[in-house]
Amino acid sequence: MAIDERMDEVDFRILALMRDGLSDATIGRRLSRGHRTIQRRICHMMDSLGVSGRFALGLKVAELNLLANQDVAVTAHARELTGLQR
(Lines give C-alpha, C1' and ligand atoms only; values in the text may rest on other atoms or scores of the structure.)
Protein backbone atom coordinates (compact mmCIF):
# COMPACT_ATOMS: atom_id res chain seq x y z
CA MET A 1 0.00 0.00 0.00
CA ALA A 2 1.32 3.45 -0.92
CA ILE A 3 1.82 5.91 1.89
CA ASP A 4 -0.71 8.43 0.58
CA GLU A 5 -3.40 5.71 0.43
CA ARG A 6 -3.30 5.58 4.24
CA MET A 7 -3.95 9.29 4.42
CA ASP A 8 -7.37 10.73 3.79
CA GLU A 9 -8.51 14.19 2.70
CA VAL A 10 -8.55 15.45 6.29
CA ASP A 11 -4.90 14.44 6.73
CA PHE A 12 -3.94 16.40 3.62
CA ARG A 13 -5.92 19.41 4.88
CA ILE A 14 -4.13 19.16 8.23
CA LEU A 15 -0.76 19.06 6.47
CA ALA A 16 -1.66 22.07 4.33
CA LEU A 17 -2.77 24.05 7.37
CA MET A 18 0.38 23.01 9.26
CA ARG A 19 2.40 24.23 6.28
CA ASP A 20 0.57 27.55 6.59
CA GLY A 21 1.80 27.76 10.19
CA LEU A 22 -1.45 27.20 12.05
CA SER A 23 -1.47 25.68 15.53
CA ASP A 24 -3.19 22.37 16.28
CA ALA A 25 -5.99 24.19 18.09
CA THR A 26 -6.57 26.53 15.15
CA ILE A 27 -6.49 23.64 12.69
CA GLY A 28 -9.07 21.86 14.83
CA ARG A 29 -11.36 24.88 14.80
CA ARG A 30 -10.96 25.33 11.04
CA LEU A 31 -11.79 21.67 10.39
CA SER A 32 -14.51 21.45 13.08
CA ARG A 33 -12.55 18.87 15.04
CA GLY A 34 -11.09 18.82 18.51
CA HIS A 35 -7.56 19.89 19.32
CA ARG A 36 -6.68 16.40 20.61
CA THR A 37 -8.14 14.80 17.48
CA ILE A 38 -5.78 16.87 15.36
CA GLN A 39 -2.85 15.92 17.60
CA ARG A 40 -3.76 12.23 17.32
CA ARG A 41 -4.01 12.43 13.54
CA ILE A 42 -0.62 14.17 13.34
CA CYS A 43 0.89 11.47 15.58
CA HIS A 44 -0.65 8.79 13.35
CA MET A 45 0.86 10.43 10.26
CA MET A 46 4.25 10.59 11.98
CA ASP A 47 4.02 6.89 12.88
CA SER A 48 2.89 5.95 9.37
CA LEU A 49 5.80 7.83 7.80
CA GLY A 50 8.31 6.62 10.38
CA VAL A 51 9.32 10.01 11.77
CA SER A 52 9.48 11.21 15.35
CA GLY A 53 8.60 14.89 15.20
CA ARG A 54 6.56 17.52 13.43
CA PHE A 55 9.57 19.02 11.69
CA ALA A 56 10.60 15.58 10.45
CA LEU A 57 7.01 15.02 9.29
CA GLY A 58 7.19 18.20 7.20
CA LEU A 59 10.50 17.13 5.70
CA LYS A 60 9.17 13.65 4.89
CA VAL A 61 6.01 15.04 3.31
CA ALA A 62 8.16 17.35 1.16
CA GLU A 63 10.62 14.55 0.33
CA LEU A 64 7.81 12.25 -0.77
CA ASN A 65 6.01 15.15 -2.50
CA LEU A 66 2.76 14.05 -0.86
CA LEU A 67 1.01 17.38 -1.23
CA ALA A 68 1.89 17.79 -4.93
CA ASN A 69 -1.19 15.98 -6.25
CA GLN A 70 -3.40 17.36 -3.50
CA ASP A 71 -1.87 20.83 -3.45
CA VAL A 72 -4.31 22.74 -5.65
CA ALA A 73 -7.46 21.37 -4.01
CA VAL A 74 -6.03 21.34 -0.49
CA THR A 75 -4.54 24.82 -0.71
CA ALA A 76 -7.75 26.25 -2.16
CA HIS A 77 -9.74 24.60 0.64
CA ALA A 78 -7.23 25.76 3.27
CA ARG A 79 -7.48 29.32 1.99
CA GLU A 80 -11.28 29.07 2.07
CA LEU A 81 -11.24 27.77 5.66
CA THR A 82 -8.76 30.35 6.89
CA GLY A 83 -10.18 33.26 4.90
CA LEU A 84 -6.82 33.86 3.21
CA GLN A 85 -6.70 35.30 -0.30
CA ARG A 86 -3.97 34.95 -2.90
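Residues numbered from 1 in each chain as written. Predicted model: local features only at pLDDT ≥ 70, side-chain atom pairs only at ≥ 80, totals over all residues. Heavy atoms only, no water.

**Here we look at the overall build of the protein chain**
Part 1 of the reasoning: Counting secondary structure elements, the protein chain contains 5 helices and 0 strands.
Part 2 of the reasoning: Its helices and strands taken in sequence order, the protein chain reads α-α-α-α-α from the N to the C terminus.
Part 3 of the reasoning: Burial status across the protein chain gives 35% buried among its 86 residues.
Part 4 of the reasoning: The contacts in the protein chain between residues at least 6 apart in sequence include a share of 53% that link residues at least 24 apart.
Part 5 of the reasoning: For the protein chain, the computed accessible surface area is about 5300 Å², with 49% contributed by carbon and sulfur atoms. (Helix = DSSP H or I, 4+ residues; strand = E, 2+ residues; numbered from the N terminus. Buried < 20%, exposed > 50% of the residue type's maximum accessible area, 1.4 Å probe, protein only. Contact = heavy atoms within 4.5 Å. Areas by Shrake-Rupley, 256 points an atom, 1.4 Å probe, with all protein chains shown as cover.)

**Some words on the confidence of the model for the protein chain**
Part 1 of the reasoning: Averaged over all residues, the pLDDT of the protein chain equals 82, while 73% of them reach at least 70.
Part 2 of the reasoning: At the low end of the mean pLDDT range in the protein chain sits helix 5 (residues 71-82), at 53; at the high end sits helix 2 (residues 24-30), at 96. (pLDDT = per-residue confidence, 0-100.)

**Considerations on unusual backbone geometry**
Part 1 of the reasoning: You will see that S32, though not glycine, has its phi angle at about 55°, which is positive.
Part 2 of the reasoning: With respect to the helices and strands, S32 occurs in the loop between helix 2 and helix 3 (35-49).
Part 3 of the reasoning: Its identity as a non-glycine residue notwithstanding, N65 has a phi of 55°, on the positive side.
Part 4 of the reasoning: Tracing the backbone shows N65 in the loop between helix 4 (54-64) and helix 5.

**Overview of the side chain of D11**
Part 1 of the reasoning: Tracing the backbone shows D11 in helix 1 (residues 9-19).
Part 2 of the reasoning: Overall, the relative accessible area of 4% leaves D11 in the buried class.
Part 3 of the reasoning: Of the polar contacts made by the side chain of D11, one reaches the side chain of R41; its length is 3.1 Å.
Part 4 of the reasoning: Apart from the residues lying within four places of it in its own chain, the contact partners of D11 are R6, R41 and M45. (Polar contact = N/O pair within 3.5 Å; in protein donor to acceptor, adjacent residues only side chain to side chain.)

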